[in-house]
Amino acid sequence: MVSCPDSLTHLGCGGLGREDDISRPGNGFSFGPHVHDIEFAEKGRRNDYYGDGSDDVKEPVPKVKETCPSDMDRFLVLFEENDPENPFNWSGTRRWFISAVAAFLIFNATFASSLPAGVLQQMETHFNFSGEVGALVLSLFVLGFAVGPILWGPLSEHYGRRPISLYSFPLFIGTQIGCALSPNTASILIFRFLARGRALAGFTLAPFAGPSMAPLVSGWMNVAGVSWRWVFWLQTIVAGAALILVVFALPETFKPILLVRKAERRRKQTGDGRWWAPLEKQRVSFLRRVKDIVTRPFQMLVGEPMLLAITLYMSFVYGVIYLLFEAYPIVFTIGHHFNSGVSGLMFLPIPIGGTVACVLYVVYFDPIYQVAVKEHHPHHPPPEHRLHNSLYASLILPIAFFWFAWTSYPSVSFWAPMMAGFPLGMGTVLLYLGLFNYIIDTYLASAASALAATVIVRSFFGAGFPLFANQMYDKLSPRWASTLLAFISVVMAPIPFVLRKYGPALRRRSRTRINDV
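Residues numbered from 1 in each chain as written. Predicted model: local features only at pLDDT ≥ 70, side-chain atom pairs only at ≥ 80, totals over all residues. Heavy atoms only, no water.

Peer 1: What should I look at first to understand the overall build of the protein chain in this one?
Peer 2: A tally of helices and strands in the protein chain yields 17 helices and two strands. For the protein chain, the proportion of its 517 residues judged to be buried stands at 60%. Carbon and sulfur atoms make up 66% of the accessible area of the protein chain, which totals about 20,200 Å². (Helix = DSSP H or I, 4+ residues; strand = E, 2+ residues; numbered from the N terminus. Buried < 20%, exposed > 50% of the residue type's maximum accessible area, 1.4 Å probe, protein only. Areas by Shrake-Rupley, 256 points an atom, 1.4 Å probe, with all protein chains shown as cover.)

Peer 1: Could you clarify how one ought to interpret the packing of aromatic side chains in this entry?
Peer 2: Aromatic rings in a pair are described by how distant their centres are and how their planes are angled relative to each other. Summed over the entire model, instances satisfying the criterion amount to 22 aromatic pairs. The interplanar angle of 15° and the centroid separation of 5.3 Å between the aromatic rings of Y328 and F404 together place this pair among those described as stacked. Taken together, the residues span a long stretch of sequence, with Y328 in helix α10 (residues 305-334) and F404 in helix α13 (residues 388-406) at a distance of 76 residues. Accessibility expressed as a relative area gives 2% for Y328, which makes it buried. (Phe/Tyr/Trp six-rings, centres within 6.5 Å; stacked < 30°, edge-to-face > 60°.)

Peer 1: So what exactly am I meant to see when it comes to the environment of F75 here?
Peer 2: Structurally, F75 can be placed in the loop between β2 (15-16) and α1 (92-114). Every residue in contact with F75, bar those within four places of it in the chain, is listed here: D272, R274, W275 and W276. (Contact = heavy atoms within 4.5 Å.)

Peer 1: I tried to follow a nonpolar patch on the surface on my own but got confused; where do I start?
Peer 2: A contiguous nonpolar surface patch, about 730 Å² in accessible area, is contributed by I352, V356, V359, L360, V362, V363, Y364, I368 and Y392. It is helix α12 (residues 349-376) that contributes the most residues to the nonpolar patch, eight residues altogether. For V356, the position within the fold is in helix α12. (Patch = residues over 30% accessible without salt bridge, like charges linked within 9 Å, V, L, I, M, F, W, Y side chains within 5 Å. Salt bridge = Lys/Arg side-chain N within 4 Å of Asp/Glu carboxyl O.)

Peer 1: Teacher, can you tell me more about the packing of α13 against helix α17 (residues 494-508) here?
Peer 2: Angle between the axes and distance between the axes are the two parameters that describe a pair of packed helices. Contact geometry for α13 and α17: axes closest at 8 Å, N-to-C directions at 150°. Between α13 and α17, the interaxial angle falls into the category roughly antiparallel. Considering how the two elements wind past one another, α13 and α17 form a crossing that is left-handed. Within the contact between the two elements, α13 uses H388, S390, L391, S394 and L395 and α17 uses P496, F497 and R500. Counted by class, the contact of α13 with α17 contains four nonpolar, three polar and one charged residues. (Axes fitted to C-alpha atoms, helices over the stretch in contact; angles between N-to-C directions. Parallel < 35°, antiparallel > 145°, perpendicular 65-115°, else oblique. Left-handed = near helix turned anticlockwise from the far one by under 90°. Nonpolar A, V, L, I, M, F, W, Y, C, P; charged D, E, K, R; others polar.)

Peer 1: For this particular structure, what's the right way to read helix α15 (residues 421-443)?
Peer 2: Owing to its 3.6 residues per turn, the α-helix aligns residues three or four sequence positions apart on the same side. In a regular helix each residue adds 1.5 Å, so 23 residues correspond to 33 Å; α15 covers 33 Å between its end C-alpha atoms and thus fits that length. In terms of residue burial, α15 counts as a mostly covered element, since 22 of its 23 residues are buried. (Expected span 1.5 Å × (residues − 1).)

Peer 1: When you look at unusual backbone geometry in this model, what are you seeing that I'm missing?
Peer 2: Negative phi characterises most residues that are not glycine, and trans characterises most peptide bonds. H377 connects to P378 through a cis peptide bond whose omega is 10°. Counting through the fold element by element, P378 comes out in the loop between α12 and α13. If you check the backbone angles, N82 has positive phi at about 60° while not being a glycine. In this structure, N82 sits in the loop between β2 and α1. Positive phi outside glycine occurs at H337, with the angle close to 60°. When you line up the elements, H337 lands in the loop between α10 and α11 (340-345).

Peer 1: What is the right way to read the packing of α10 against α13 from this model?
Peer 2: Running from N to C, α10 and α13 cross one another at 20°; their axes reach a closest spacing of 13 Å. The pairing of α10 with α13 is recorded here as roughly parallel in orientation. For the crossing formed where α10 meets α13, the hand is left-handed. Taking contact as the criterion, the partners of Y313, F316, V317, V320, Y328, V331 and F332 in α10 are, on α13, S394, L397, F401 and F404. Per-class residue counts for the contact of α10 with α13 are ten nonpolar, one polar and no charged.

Peer 1: Any chance you could explain the side chain of E326 here in plain terms?
Peer 2: Positionally, E326 belongs in helix α10. Every residue in contact with E326, bar those within four places of it in the chain, is listed here: L120, A135, L138, P466, A469 and N470.

Peer 1: Would you explain the side chain of S182 in this entry?
Peer 2: Note on placement: S182 falls in the loop between α4 (161-180) and α5 (185-196). Within the local environment of S182, its side chain forms a polar contact with the backbone oxygen of G178, the two atoms lying 2.7 Å apart. With residues near it in sequence (within four places) discarded, S182 still touches F127, S187, I188, F191, W228 and R229. (Polar contact = N/O pair within 3.5 Å; in protein donor to acceptor, adjacent residues only side chain to side chain.)

Peer 1: Please explain the confidence of the model for the protein chain as it appears in this structure.
Peer 2: In low-pLDDT segments, the atomic positions of the prediction should not be examined closely. Predicted confidence across the protein chain gives a mean pLDDT of 77, with 79% of residues reaching 70 or more. Ignoring residues within four places in sequence, the model shows residues 1-68, a span with pLDDT below 50, making 234 contacts including any to other chains. Taken as a whole, residues 197-203 scores under 50 in pLDDT and shows 35 contacts with residues more than four places along the chain or in a different chain. (pLDDT = per-residue confidence, 0-100.)

Written out as structure tokens, the structure is:
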């Protein structure tokens, strides 16, 4: 698994991107539960562990002073300097290993999202349903991206990341078994929706690599004459392997829960019940936390034009990735008369391009940002420094769409439209890396809600785009349908440039507590 430095966050089972899972100092990045939690006392960027659970920053609570502490502060349990229990102090090897495990968990979920693509024709024949219903098999799974975290996020903040994964993964495996044994259309659709509700959602490469690889696997299974049911049995096996990793290799990384455990041990060791951790004093009901998570992102979307623009741009690109699962069979299976296995191979340039984008980020874009970090030390650089790679991405994506559009003639070599996936994958990952980091650096302690908004909206786009793909490509032809996507990407391309130039002025006018550097 590829991991790119200096990006963000964990969304899904671990909560909708709570700041406890975002590392700001340093440049570590992982595709899942982050092991770098923000320090409790970091001014202006602290979660409200003592308050109402919202993302709004109130008065920052200073670290416990050693001189003249109050009776309550004297028994407050925090991490000491270089505390080995603090995930931020874990060795680099351990953090990279956890990142790799988390990446596999995300790959497992996104792989499952598009795995049935290669056997949809089998399923349509078996259940006698239409192509539109077949698209629902893909869309309902993606729709769970928006629904699942509403439940798992608040639960994980009460009980920790690890317990929720331990309990939810068996449920996910159960839904895959349900899909494999489904006797009718209704049951397969229901189990597909329930399956996505628990999975981890991360960002950048893994969410795009998984869906792009899955049609290759299921396509060759279809060519080999394997029953469509074995696609879901395969996913059950993959999910079982992921569950083993969760049980034996994924520790708790949520800082407030680790402090609760530390306080419990200290009370037991000393026999003094006055020792306490911040999370234990939090008086927030589960329903209140759900309400905050559900309503706050949409309040920010309505009140923050630049967040709305970023979200629409990212959601459009995400929707296109899932639209391709309907478009590629039209271009390659029908147009070039490939079987489903060879058609699945056509997706490979997308994750390859994404991998190259990650390498470029590590060796080129991140060093540029680190120069800005040194120039602005001890303060953080303005968020606009995060947009460098997004500027390039916004130019690459229209090229990829036009390339795919006007090389999709059956008379043109299949290599031409296939290789359009390379700049598409590269542009998508570069765009996401830049815009995600821009959101975090701009909205600071409100970044959780801002990120939640992007996840929810992009999930609806990912679920909705495949539903009209067939009709659009049939009515307009592959050339003009893809050209329409290219023109939309051209319209959206100026967004990173506008933010780069006018971002400081827009941030000063924001009604949300943000970074106005």
